[in-house]
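Topology and contacts: notes
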Amino acid sequence: MNSEKEPLFSSKNIKLITEPLGSSNPITVQVLGICSALAVTVKMKPAFVMAISVMAVLAVSNVVISLIRNSIPPRIRIIVQLVVIAAMVILVDQILKAFVYDISKQLSVFVGLIITNCILMGRLEAFAMGNKPWPSFLDGLGNAAGYSIILLIVSFFRELLGSGTIWGYKVIPESFYSFGYQNNGLMILPPMALIVLGIIIWVQRARNKKLIETK
Amino acid sequence: MENLINIFVKSVFIDNMIFAYFLGMCSYLAVSKTVKTSTGLGIAVIFVLGITVPVDYLIENYLLKEGALVWLSPDFADIDLSFLSFIIFIAVIASMTQLVEMIVEKFSPALYNSLGIFLPLIAVNCAILGGSLFMQERAYNTLGEATVFGLGSGVGWFLAIVGIAAIREKIRYSNVPAPLKGLGITFIITGLMGIAFMGFMGIKL
């Protein structure tokens, strides 16, 4: 066996980060973690905070599970994973409450719902249980980044069309409104998040034919 | 009584778990291929929500809330354990699903055979934890209200998944653009169903 250590950013490790951004995106391809993805996408700011929280929880719990993966009895692994995730989420929730209270209020129960976010269980089960800490960390970062990108795209369109702002700043000039332009109130309502996401999936699959479902 | 009916109607139609909060989307998308399996999962969700929400209500009010421990001793009046709620709720849900699975297996093998595979899946269904967290946030006054809210949310979820499953069974024979097949069209249909459900928002309760 080759005892030489693999470099930290070997091509295999880089792939762990880049692949979830496109061809194996957790939301549009693996269909994980949709629950919390959509409810927080009315404005970009809460979506961004949510994305950062998921990234922190996913990367750290991936590392923790990967460190203790050899000592977890397989029968109770789900409970162990849930405990690790829940502990991380409590930390994130307390930090959000302390530093960005307003946004934490807007996110309401959805911070708690990171616990049952399927991305976490899915990645812990599929990757961290069988890999070393460093690749697991990268896998966590990559998947959370793929999740964040979709979250930000959806919230970008919903905020732009629904409230005429981006990141809280007005981008649609006042003169448009005097010509009779109006914000599309429908975009703020929950169902539009699903339709925007459906369209994103459509565009992605039209560009990447390999992802098209045959049945 | 009127109050309970209001809460029920509100949680089924207006605050529908799927269309208004997107909770339980993962199993909603994965299991909604046929009406039969989605009916099974839907009933299991009603069942588990109807049990976990009242149990979590009792835990919240007699253990976790600020001043909830007064029944033990007046000295505990200013202890606030609510930061523990996530971890305790998820533990309750995981153990309740396990317990329900064992009870159903023992007393009703027929029901177990139809629900069996879905029960363990439910422990990580966001709708269940979401139900408990909404119960905490909205601070229902009595155990009855919390129970009705849990059952109502379950019924709303059931309606949504059976509806989408019926539509997906039909849409298999229609000519959907290739990149939109499967996931894409399911999202768009769910969105349209959500818009239809928003018609209930006008109801003042």
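Quick look at the environment of B:Asn61 now. All names here are of chain B. Relative to the helices and strands, Asn-61 is located in helix α4 (residues 35–64). Residues Asn-61 and Leu-180, spaced 119 residues apart in sequence, show a C-alpha to C-alpha distance of 47 Å. A polar side-chain atom of Asn-61 sits 2.8 Å from a polar atom in the side chain of Lys-65.

This part covers unusual backbone geometry. Although it is not a glycine, B:Ala139 adopts a positive phi angle of roughly 50 degrees. Its place among the elements puts B:Ala139 in the loop between α8 (126–138) and α9 (143–171).

This part is about the packing of aromatic side chains. All names here are of chain B. In this structure the tally under the stated criterion is nine aromatic pairs over all chains. Measuring from ring centre to ring centre gives 6.3 Å for Phe-13 and Phe-197, while their planes differ by 35 degrees; the resulting arrangement is tilted. Within this pair, whereas Phe-13 is found in helix α1 (residues 2–14), its partner Phe-197 is found in helix α10 (residues 183–197), the two being separated by 184 residues in sequence. Here Phe-197 falls in the buried class, since its relative accessible area comes to 18%.

Taken residue by residue, the interface counts 40 residues in chain A and 39 residues in chain B. Approximately 3,500 Å² of surface area, both sides summed, lies buried where chain A meets chain B, with 85% of it carried by carbon and sulfur atoms. Remark: the boundary between chain A and chain B carries zero residue pairs in polar contact (both at pLDDT 80 or more). Of all the elements in the fold, those that place two or more residues in the side of chain A that touches chain B are α2 (34–39), α4 (77–99), α6 (118–126) and α9 (190–207) of chain A. Top element by residues in the side of chain A that touches chain B is α9(A). It accounts for 11 residues.

The relative placement of two packed helices is expressed as an angle between their axes plus a distance between the axes. Residues and elements named next belong to chain A. Following both chains from N to C, one finds helix α3 (residues 44–67) and helix α7 (residues 133–163) inclined at 165 degrees, their axes separated by 8 Å at the closest point. Comparing their axes, α7 and α3 come out roughly antiparallel. At the point where α3 passes α7, the crossing takes the right-handed sense. When the residues that make up the contact of α3 with α7 are grouped by side-chain class, the tally is 20 nonpolar, seven polar and two charged.

Here is a general trend for soluble globular proteins: nonpolar side chains tend to be buried in one another's company. In terms of nonpolar packing, the biggest core is built from 108 residues, with A:Ile115, B:Leu23, B:Tyr28, B:Trp157 and B:Phe187 touching the most fellow members. Counting residues per element, this core draws most heavily on α4(A), at 10 residues.

We now examine the pattern of salt bridges. One pass over the full model with this rule turns up four salt bridges over all chains. Two residues, A:Arg123 and A:Asp139, come together in a salt bridge whose shortest N-O distance is 3.0 Å. Taken together, the residues span a long stretch of sequence, with A:Arg123 in helix α6 and A:Asp139 in helix α7 at a distance of 16 residues. Assigned by exposure class, A:Arg123 and A:Asp139 land together as buried. B:Arg138 is the partner of B:Asp15 in a salt bridge, and the nearest nitrogen-oxygen pair spans 3.8 Å.

What counts, and where the lines are drawn
- Residues numbered from 1 in each chain as written.
- Chains lettered and ligands numbered in written order.
- Predicted model: local features only at pLDDT ≥ 70, side-chain atom pairs only at ≥ 80, totals over all residues.
- Heavy atoms only, no water.
- Helix = DSSP H or I, 4+ residues; strand = E, 2+ residues; numbered from the N terminus.
- Polar contact = N/O pair within 3.5 Å; in protein donor to acceptor, adjacent residues only side chain to side chain.
- Phe/Tyr/Trp six-rings, centres within 6.5 Å; stacked < 30°, edge-to-face > 60°.
- Buried < 20%, exposed > 50% of the residue type's maximum accessible area, 1.4 Å probe, protein only.
- Contact = heavy atoms within 4.5 Å.
- Buried area = accessible area lost by both parts, 1.4 Å probe.
- Axes fitted to C-alpha atoms, helices over the stretch in contact; angles between N-to-C directions.
- Parallel < 35°, antiparallel > 145°, perpendicular 65-115°, else oblique.
- Left-handed = near helix turned anticlockwise from the far one by under 90°.
- Nonpolar A, V, L, I, M, F, W, Y, C, P; charged D, E, K, R; others polar.
- Core = buried A, V, L, I, M, F, W, Y, C linked by side-chain atoms within 4.5 Å.
- Salt bridge = Lys/Arg side-chain N within 4 Å of Asp/Glu carboxyl O.

Nothing here speaks to function; it is geometry throughout.
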